[in-house]
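# Tertiary structure, described
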Amino acid sequence: GNSVTQMEGPVTLSEEAFLTINCTYTATGYPSLFWYVQYPGEGLQLLLKATKADDKGSNKGFEATYRKETTSFHLEKGSVQVSDSAVYFCALSAYNTDKLIFGTGTRLQVFP
Amino acid sequence: DGGITQSPKYLFRKEGQNVTLSCEQNLNHDAMYWYRQDPGQGLRLIYYSQIVNDFQKGDIAEGYSVSREKKESFPLTVTSAQKNPTAFYLCASSTSAYSNQPQHFGDGTRLSIL
């Protein structure tokens, strides 16, 4: 079946460090892939998306590239800020299905 | 601005009581969803609706009920049969269930037991 696997958290970084949060997926066909961010006490916000192989989604300095050969969609940011501290969810929408499949989330903590 | 409004933000339930969480959207989306999130956990799908007057069970529907009488509204009732209702509840919507489009989320309702 369809599934998403994210790296375990928390990820703890100093401000201005490089961030990578790994996400791999299993799906039939060509899914759409998403990263969501959840700040404390809030709902999820769409951070970026990619709908086909080799697409790169980007927003607010975050990037992720849809890699079909490695079934991955890793989230990266060159220089994190304290305000990026949140939980990040990877998700997929498989072709001809009616639900999003979420990973378990990765908590990012950035210290000054 | 278009969006999803969940109310109340905080809700308390007494033993044996049913409570209803409100979710309203003005995005003209066909599909709506309810998720449960426990502390430090991911999202689990409770119910979803692809169109008005129709809905399907998700992964953890027991102890919950929904209705979809209007396109913009998808209320969730947490019944007394749900023995562990304390959680953060999130409502979401998307243009249509099969569109591969992202879901848009409300700000959530935190439910606690008195």
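Everything below is about the structure shown above.
Being a predicted model, the structure only gives us computed values, none of them experimental.

## What to know about a nonpolar patch on the surface
- There is a patch of nonpolar side chains on the surface, built from Tyr10, Phe12 and Leu114 of chain B and spanning about 380 Å² of accessible area.
- Judged by its relative accessible area of 62%, Leu114 of chain B is exposed.

## A word on the side chain of Gln38 of chain A
- With respect to the element layout, Gln38 of chain A can be found in strand E5 (residues 32–38).
- Separated by 2.9 Å, the side chain of Gln38 of chain A and the backbone oxygen of Glu42 of chain A make a polar contact.
- In this structure, Gln38 of chain A is in contact with Gly43, Leu44, Ala86, Val87 and Phe89 of chain A together with Gln37, Phe88 and Leu90 of chain B, ignoring residues within four places of it in sequence.

## Description of the sheet that holds strand E9 (residues 75–77) of chain A
All names here are of chain A.
- One open sheet accounts for four strands, arranged E3-E9-E8-E7; its pairing is antiparallel. Two strands in the sheet have a free side with no partner beyond their single neighbour: strand E3 (19–21) and strand E7 (56–59). With strand direction ignored, the average angle separating the axes of adjacent strands in the sheet is 20 degrees.
- Where E3 lies against E9, three bridges are found, and the strand directions are antiparallel. By the bridge assignment for E9, Thr20 is matched with Glu76.

## A short note on the interface of chain A and chain B
- Opposite the 22 residues of chain A that make contact, chain B presents 22 residues.
- Summed over both partners, the interface of chain A with chain B buries about 1700 Å², with 51% contributed by carbon and sulfur atoms.
- Three residues, Leu44, Asp98 and Lys99 of chain A, lead the burial of chain A against chain B; their summed loss comes to 30% of the area buried on that side.
- Counting the contacts that link chain A with chain B gives zero salt bridges.
- Linking chain A with chain B are two residue pairs in polar contact (both at pLDDT 80 or more), by the criterion used here.
- For the side of chain A that touches chain B, the elements supplying multiple residues, two or more each, are E5, strand E6 (44–50) and strand E10 (86–93) of chain A.
- Considering each element in turn, the side of chain A that touches chain B owes the most residues, four residues, to E5 of chain A.
- Residue classes in the side of chain A that touches chain B are distributed as 10 nonpolar, eight polar and four charged.

## Some thoughts on the pattern of salt bridges
- According to the stated counting rule, one finds six salt bridges over all chains in the structure shown.
- When the shortest N-O distance is used, the salt bridge between Asp55 of chain A and Lys52 of chain A registers 3.3 Å.
- Connected through salt bridges with shared partners, the residues Arg36, Asp38 and Arg44 of chain B form a single ionic network.

## A short note on the side chain of Gln37 of chain B
- Among the structural elements, Gln37 of chain B can be located in strand E4 (residues 31–37).
- A residue is classified by how much of its surface remains accessible, and Gln37 of chain B, at 9% relative accessible area, is buried.
- Not counting residues up to four positions away in its chain, the partners in contact with Gln37 of chain B are Gln38 and Phe89 of chain A together with Gly42, Leu43, Ala87, Phe88 and Leu90 of chain B.

## A closer look at the sheet that holds strand E3 (residues 19–25) of chain B
Residues and elements named next belong to chain B.
- Across the sheet, four strands lie side by side as E1-E3-E8-E7; this open sheet has antiparallel pairing. Where the open sheet ends on each side, the last strands, each with one partner, are strand E1 (4–7) and strand E7 (64–66). Adjacent strand axes in the sheet meet at a mean angle of 20 degrees when their direction is disregarded.
- The pairing of E7 with strand E8 (residues 76–78) spans three bridges and is antiparallel. Residue pairing for E8: Ser65 is matched across the bridge by Thr77.

Here is what the cut-offs are and how they apply
- Residues numbered from 1 in each chain as written.
- Chains lettered and ligands numbered in written order.
- Predicted model: local features only at pLDDT ≥ 70, side-chain atom pairs only at ≥ 80, totals over all residues.
- Heavy atoms only, no water.
- Patch = residues over 30% accessible without salt bridge, like charges linked within 9 Å, V, L, I, M, F, W, Y side chains within 5 Å.
- Areas by Shrake-Rupley, 256 points an atom, 1.4 Å probe, with all protein chains shown as cover.
- Salt bridge = Lys/Arg side-chain N within 4 Å of Asp/Glu carboxyl O.
- Buried < 20%, exposed > 50% of the residue type's maximum accessible area, 1.4 Å probe, protein only.
- Helix = DSSP H or I, 4+ residues; strand = E, 2+ residues; numbered from the N terminus.
- Polar contact = N/O pair within 3.5 Å; in protein donor to acceptor, adjacent residues only side chain to side chain.
- Contact = heavy atoms within 4.5 Å.
- Pairing = 2+ DSSP bridges.
- Axes fitted to C-alpha atoms, helices over the stretch in contact; angles between N-to-C directions.
- Buried area = accessible area lost by both parts, 1.4 Å probe.
- Nonpolar A, V, L, I, M, F, W, Y, C, P; charged D, E, K, R; others polar.

From the geometry alone we can't say anything about function, so treat these as descriptive.
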